[in-house]
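Close look at the chain arrangement
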Amino acid sequence: IVNIDGLDAQVGWAWDGKYHFYLKLAAITPRQIRLALVLSGVSLTDIDNSLGSLPEPTKSLALISWEYAVAFEINDPLVESVGLMLGMTSVQIDQLWIAAAAL
């Protein structure tokens, strides 16, 4: 049990039940994430190269998700992994997500 008395918990934060607090942001569409990435200077080729560099079967699973998902969740491990491979911090990923939700 972790005592969180005294922490400044704010609306919009969630606990993953194991290790992390994370911003609970709404799911976004494939269109929104692609537009936000391009507008932030990340090319779709960069995404394809990042996904292509993953080991199997993670690579195939990631490519299927990237191509066929109807929505993306911020707490999906794939989002964090690809963000890190693109050199993004968790704060930058959150900011990208917020921007994408507005598109």
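A brief report on the enclosed structure follows. (Residues numbered from 1 in each chain as written. Predicted model: local features only at pLDDT ≥ 70, side-chain atom pairs only at ≥ 80, totals over all residues. Heavy atoms only, no water.)

The next point concerns the side chain of Q32. Considering the arrangement of structural elements, one finds Q32 in helix α1 (residues 30-39). Taking relative accessible area as the criterion, Q32 reaches 11% and is therefore assigned buried. Looking at Q32, its side chain comes within polar contact range of the main-chain oxygen of A101, at 3.3 Å. Ignoring anything within four residues of it in the chain, the contact list for Q32 reads A100, A101 and L103. (Helix = DSSP H or I, 4+ residues; strand = E, 2+ residues; numbered from the N terminus. Buried < 20%, exposed > 50% of the residue type's maximum accessible area, 1.4 Å probe, protein only. Polar contact = N/O pair within 3.5 Å; in protein donor to acceptor, adjacent residues only side chain to side chain. Contact = heavy atoms within 4.5 Å.)

What follows concerns the nonpolar core. If you look at the biggest cluster of nonpolar residues, it comprises 20 residues, and the most contacted ones within it are I33, L37, I47, L51, W66 and W97. At the level of elements, α1, α2 (44-52), α3 (58-68), α4 (77-85) and α5 (90-101) are the ones that each hand at least two residues to this core. Per-element accounting of this core gives the leading share, 4 residues, to α5. Discounting chain neighbours no more than four positions away, the residues touching L37 are V42, I47, W66 and L96. (Core = buried A, V, L, I, M, F, W, Y, C linked by side-chain atoms within 4.5 Å.)

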